[in-house]
Amino acid sequence: MPDKHLSSQFDADLNSLSSRLLEMGGLVESQVLNAMKAFSNLDRELADEVIAAEAEVNSHEVSIDAECAEILARRQPTARDLRLVMAISKAITNLERAGDEADRIARRTKHIVEDSASHVINVAEIRIAGQMAVALLRRSLDAFARLDPKAAAEIVHDDRQIDEEFRDRKSTR
């Protein structure tokens, strides 16, 4: 944290909170990548690993959320510090949702493998969507780590463009 507080413990708490968010982000990124790989290769064992990782992601969310609440109650942060704690609180919720989506992909992959059904699946389009999602997640975590609001705004803009592109693809089918 660039601004030092009178309490070095408060700085340590904020740094720990930020580090734990980035750790959770890395776990979710790995989970999404593995879910996409499991789907692409119809790899049931890798899908099981993704599903098992969901419990760890959920555990991270709960413990980081508790740490945010404790900092809010004990330290009563203001201005920049309050915004940081609130941003982390919101981010972990979104990371947990991304983990849920990876879990959903893994469960559907298992279903496809177990049914041995010949479903018509546009793997290329799904792979591209997954790569875009992971790229946005990486950029988001990097922007957070650097506390870069310009990069964050660009990510929001790019996310909206991707949403519009996929919405347009669906409507032309």
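Participant: How should a negative patch on the surface be read in this particular structure?
Facilitator: Residues D159, D163, E164 and D168 make up a contiguous surface patch of negative charge. Mapped onto the elements, D163 comes out in helix 5 (residues 149–171).

Participant: Looking at this structure, I do not really get the environment of Q9. What am I missing?
Facilitator: The topology assignment puts Q9 in helix 1 (residues 8–41). Among the polar contacts listed, one links the side chain of Q9 to the side chain of D13, at a separation of 2.7 Å.

Participant: Honestly, the nonpolar core in this entry has me stumped. Any pointers?
Facilitator: As a rule of thumb, nonpolar side chains are buried together in soluble globular proteins. Of all hydrophobic cores here, the largest spans 30 residues; its most connected members are L17, M24, V28, I64 and I88. Of all the secondary structure elements, the ones that give two or more residues to this core are helix 1, helix 2 (44–75), helix 3 (79–115) and helix 4 (123–146). Among residues more than four places away in sequence, those in contact with I88 are L17, S18, L21, I64, C68 and F144. By size, the runner-up hydrophobic cluster in this structure holds six residues, among which are L136, I155, I162 and F166.

Participant: Please explain the pattern of salt bridges as it appears in this structure.
Facilitator: Side chains that differ in charge, positive against negative, can pair when their charged atoms come close. Summed over the entire model, instances satisfying the criterion amount to 13 salt bridges. Among the ionic pairs, E67 bridges to R20, the shortest N-O distance being 2.4 Å. Residue E67 is found in helix 2, and its partner R20 is found in helix 1; the two are separated by 47 residues along the sequence. According to the relative accessible area criterion, R20 is partly exposed, its value standing at 23%. The salt bridge partner of R139 is D158, with a shortest N-O separation of 2.8 Å. Of this pair, R139 sits in helix 4 while D158 sits in helix 5, placing them 19 residues apart in sequence. Residues joined in a network through salt bridges with shared partners are D13, E70, R74 and R75.

Participant: Can you walk me through unusual backbone geometry in this structure?
Facilitator: Only a minority of non-glycine residues have a phi that is not negative, and only a minority of peptide bonds are not trans. Phi at Q76 takes a positive value of approximately 45 degrees, unusual for a residue other than glycine. Along the chain, Q76 falls in the loop between helix 2 and helix 3. One non-glycine residue with positive phi stands out, namely A79, at about 50 degrees. Among the residues examined, A79 registers a relative accessible area of 48% and is labelled partly exposed.

Participant: Honestly, helix 2 in this entry has me stumped. Any pointers?
Facilitator: An α-helix turns once every 3.6 residues. As a result, residues three or four positions apart point the same way. With 32 residues, helix 2 ought to run about 46 Å at 1.5 Å a step, and its terminal C-alpha atoms sit 46 Å apart, in line with that. Structurally, the start of helix 2 carries an N-cap: the backbone nitrogen of E45 is 3.1 Å from a side-chain oxygen of D43. Just past helix 2, the residue Q76 takes up positive phi, approximately 45 degrees.

Parameters at a glance
- Residues numbered from 1 in each chain as written.
- Predicted model: local features only at pLDDT ≥ 70, side-chain atom pairs only at ≥ 80, totals over all residues.
- Heavy atoms only, no water.
- Patch = residues over 30% accessible without salt bridge, like charges linked within 9 Å, V, L, I, M, F, W, Y side chains within 5 Å.
- Areas by Shrake-Rupley, 256 points an atom, 1.4 Å probe, with all protein chains shown as cover.
- Salt bridge = Lys/Arg side-chain N within 4 Å of Asp/Glu carboxyl O.
- Lys, Arg positive; Asp, Glu negative; His and termini not counted.
- Charge placed at Lys NZ, Arg CZ, Asp CG, Glu CD.
- Helix = DSSP H or I, 4+ residues; strand = E, 2+ residues; numbered from the N terminus.
- Polar contact = N/O pair within 3.5 Å; in protein donor to acceptor, adjacent residues only side chain to side chain.
- Core = buried A, V, L, I, M, F, W, Y, C linked by side-chain atoms within 4.5 Å.
- Buried < 20%, exposed > 50% of the residue type's maximum accessible area, 1.4 Å probe, protein only.
- Contact = heavy atoms within 4.5 Å.
- Expected span 1.5 Å × (residues − 1).

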